[in-house]
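# Analysis of the macromolecular model
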Amino acid sequence: MQIDPDKLNCSAIAERDRLLAALGTADAISLLDRFIHEAPGTGALDGYKVFTQAASAILSAVRDKTGDAGARAFLRAVILHAIAKTVGEQGLKRLPARIAAQQLQQFKRIISHEEDSPWLHLDHDLFHKEFGIATLRLYVAGARLVDPRCGVPRSLLGRGTPADWLRSTSAIASIGGFRPYFQIHTHKFMLETFNEEGSNECYRCCAELYELFPEVLGMFGSSWFYDPALATVSPRLAYLREVPLRGGAKLLYVASGGEAIDNALAKSATRRRLYEEGRYRPKNYMLIWGRRRQQEWAQTFSASLLREG
C-alpha cells in the first residue's frame, strides 16, 4: 500500500511534539535543528557512524537538565524531527522511486515505535542507523542500508596469504581505486527483508543510486556470510555470495576468528556445533562489486523479471 508523505509528516510532528512537551526543554525545535545540522561530520568520507563533538555537547546539556530518560527522549525527537524535515522539505523527490518508497516504509516503522529504547544513545549503532535513515545519510535498499560515503581500507592489501594480497590488489585496481564506494549494512530492524529477494533489491537500488553519486566506483560489504565455507555449512545463505559473483563481483579475504565467530554462531545451532567439532572456522570476507558490472547485472536482472512477469 502506498504511503501518503503528508500524513506521515503529520504523524512524525505529532509524536515529536508529544515527546518535547514531556521534556519541557525551552526552544526545543531550535535545539533539534542544531543537533541535526551539527551531528554529521563534514568530511567527504564521514560515514554514518561519525558524530561531532558539537552534537555530543548538545546531548550532554539536555542530559544534565532532564536525566538519561530525557536524553533518550530527545534523541527520539531528533529522529522524528529529521523525518519531518526530510519529508516536508521534499528531500525524497531526488531519489529513485523504488528507494523513496522504501525510505517511507522505514519512516512509518520508526514513527510507530514508541518504546523507550536503550539504543537511543549517541554511541549505539542502532541509533546511528535510525538517524541515518531519517536524514538520508543512509539509503534504504531492500535488505540493506547503503552508505555512499565510504572507502575500502588500504589495510585489506596486507591480509591473508600472498595469493590473497594479489587478489585484493588486482580487484581494487580493476575497479579504479580505494574510494569512494557504497558500503552496504544490515539493520536489526529490517531483518524481515533479509532474503534473496531483498538482497537483489539492494543491488538494483545501488545501480540506480550511481546516478546520484557518479563519482562512486562501486559497492562493497564485509561479513561472515560471504565466507565460501557457507556453501556447505549453510547452503541456504549461498545466494549472498553467489549472485554477486555471477554478476562480476570479487570476493576478498578480510579476517579469521574474532567477531566473525561471534556473528556466525549467534543464531545457528548447526554452525555452533560444526565450530565446536572443529569442522567450521568462521572468516570474514569482503564482497566488492564495480559500478559498471553491477549496473549491467541490474539491467539483465530487471529484464528477466519483465520476461517472467
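An account of the accompanying structure is given in this report. What you are looking at is a predicted structure, and each value in this text was computed from that prediction instead of being measured. (Residues numbered from 1 in each chain as written. Predicted model: local features only at pLDDT ≥ 70, side-chain atom pairs only at ≥ 80, totals over all residues. Heavy atoms only, no water.)

### Observations regarding the overall build of the chain
Cut-off, in case you're wondering: Comment: elements are numbered from the N terminus, with helices defined as DSSP H or I runs of at least four residues and strands as E runs of at least two. Here the radius of gyration uses the C-alpha set of atoms, whereas the globule reference equals 2.2 Å times the residue count to the power 0.38. Burial classes: relative accessible area under 20% of the type maximum marks a residue as buried, over 50% as exposed, and values in between as partly exposed (1.4 Å probe, protein chains only).
The helix and strand tally for the chain stands at twelve helices and six strands. The C-alpha atoms of the chain give a radius of gyration of 21 Å, which matches the 19 Å a tight globule of 309 residues would have. If you line up the chain on its principal axes, its C-alpha atoms span 60 × 45 × 35 Å. Here the chain, with 309 residues, has 51% of them falling under the buried criterion.

### Considerations on the packing of aromatic side chains
Selection rule: The pairing test for Phe, Tyr and Trp rings, Trp by its six-membered ring, is centres within 6.5 Å, and the orientation test on the planes gives stacked under 30 degrees, edge-to-face over 60, and tilted for anything in between.
Under the definition given, this model contains 18 aromatic pairs. When the ring of Phe 35 is compared with that of Phe 74, the centres are 6.0 Å apart and the planes differ by 85°; the resulting orientation is edge-to-face. Remark: Phe 74 occurs in helix α3 (residues 53-88) and Phe 35 occurs in helix α2 (residues 28-38); sequence separation between them is 39 residues. No difference in accessibility class separates Phe 35 from Phe 74, as the two residues are buried. With a centroid separation of 5.6 Å and 70° between ring planes, the pair formed by Trp 224 and Phe 225 is classed as edge-to-face.

### Digging into the packing of helix α1 (residues 5-23) against α3
Selection criterion: Think of each axis as a best-fit line through the C-alpha atoms, taken over the contacting stretch in the case of a helix, with angles from 0 to 180 degrees between the N-to-C directions. For classification, angles of less than 35 degrees are called roughly parallel, those exceeding 145 degrees roughly antiparallel, those between 65 and 115 degrees roughly perpendicular, and all remaining angles oblique. Handedness of each helix crossing follows the sense of rotation of the near helix against the far helix: counterclockwise by less than a right angle gives left-handed, clockwise gives right-handed. In this description, contact between two residues means that some pair of their heavy atoms is separated by no more than 4.5 Å. Nonpolar residues are Ala, Val, Leu, Ile, Met, Phe, Trp, Tyr, Cys and Pro. Charged residues are Asp, Glu, Lys and Arg, and all others, Gly as well, are polar.
Two numbers describe how α1 lies on α3: the axes approach to 9 Å, and their chain directions differ by 155°. It follows that α1 is roughly antiparallel to α3 by the angle criterion. Between α1 and α3 the crossing geometry is left-handed. Contacts from Pro 5, Asn 9, Ala 12, Ile 13, Glu 15, Arg 16, Leu 19, Leu 20 and Leu 23 of α1 reach α3 at Thr 66, Gly 70, Ala 73, Phe 74, Arg 76, Ala 77, Leu 80, His 81, Ile 83, Ala 84, Val 87 and Gly 88. Across the contact of α1 with α3, the residue classes tally to 13 nonpolar, five polar and three charged.

### Observations regarding the side chain of Thr 86
Within the secondary structure, Thr 86 is located in helix α3. Apart from the residues within four sequence positions on either side, Thr 86 is in contact with Gly 91, Leu 92, Phe 107, Ala 134, Thr 135 and Leu 136.

### What about helix α7 (residues 196-209)?
Heads up, the rule is: Given a helix with a known number of residues, its expected span is that number minus one, times 1.5 Å. Whenever a nitrogen or oxygen atom comes within 3.5 Å of another N or O atom, the pair is scored as a polar contact, on the condition that within protein one atom can donate a hydrogen and the other can accept it, and that pairs from neighbouring residues in sequence are kept only if both atoms are in side chains.
When the terminal C-alpha atoms of α7 are compared, their 20 Å separation across 14 residues agrees well with the 20 Å that a helix rising 1.5 Å per residue should span. Burial runs high along α7: eleven of the 14 residues are buried. Residues of α7 that are buried: Gly 198, Ser 199, Asn 200, Glu 201, Cys 202, Tyr 203, Arg 204, Cys 205, Cys 206, Ala 207 and Leu 209. If you check the start of α7, you find a side-chain oxygen 3.2 Å away from the backbone N of Glu 197, and it comes from Asn 195.

### A look at the environment of Ser 170
Secondary-structure assignment places Ser 170 in helix α6 (residues 162-175). A C-alpha to C-alpha distance of 45 Å links Ser 170 and His 81, two positions 89 residues apart in sequence.

### Description of the sheet that holds strand β5 (residues 250-256)
Just so we agree on the cut-off: At least two bridges found by DSSP between two strands is the condition for calling them paired.
Pairing in this open sheet of six strands is mixed, and the strands run β1-β2-β3-β4-β6-β5 from one edge to the other. Pairing within the sheet leaves two strands with one partner each, and these edge strands are β1 (139-141) and β5. Going from strand to strand, the sheet's axes swing by 30° on average, the running direction of each strand aside. Sheet topology note: the strand β2 (residues 144-150)/strand β3 (residues 181-185) ladder contains four bridges and is antiparallel. Paired with Asp 147 across the strands is Gln 183, a residue of β3.

### Thoughts on the pattern of salt bridges
Oppositely charged side chains can form a pair if their charged atoms are brought close together. Selection criterion: Salt bridge, as used here: a side-chain nitrogen of Lys or Arg that lies within 4 Å of a carboxyl oxygen of Asp or Glu.
Tallied over the entire structure, the rule returns 18 salt bridges. Between Glu 15 and Arg 76 there is a salt bridge, and its shortest N-O distance comes to 3.7 Å. Placement of the pair is Glu 15 in helix α1 and Arg 76 in helix α3, with a sequence separation of 61 residues. In terms of burial, Glu 15 and Arg 76 fall into one category: buried. A salt bridge links Glu 201 to Arg 204; the shortest N-O distance between them is 3.7 Å. Here the residue Glu 201 and the residue Arg 204 both occupy positions in helix α7, the gap between them amounting to three residues, near one helical turn. Residue Glu 201 is classed as buried on the basis of its relative accessible area, which comes to 15%. One network of salt bridges, in which partners are shared, links Arg 98, Glu 201, Arg 204 and Glu 208.

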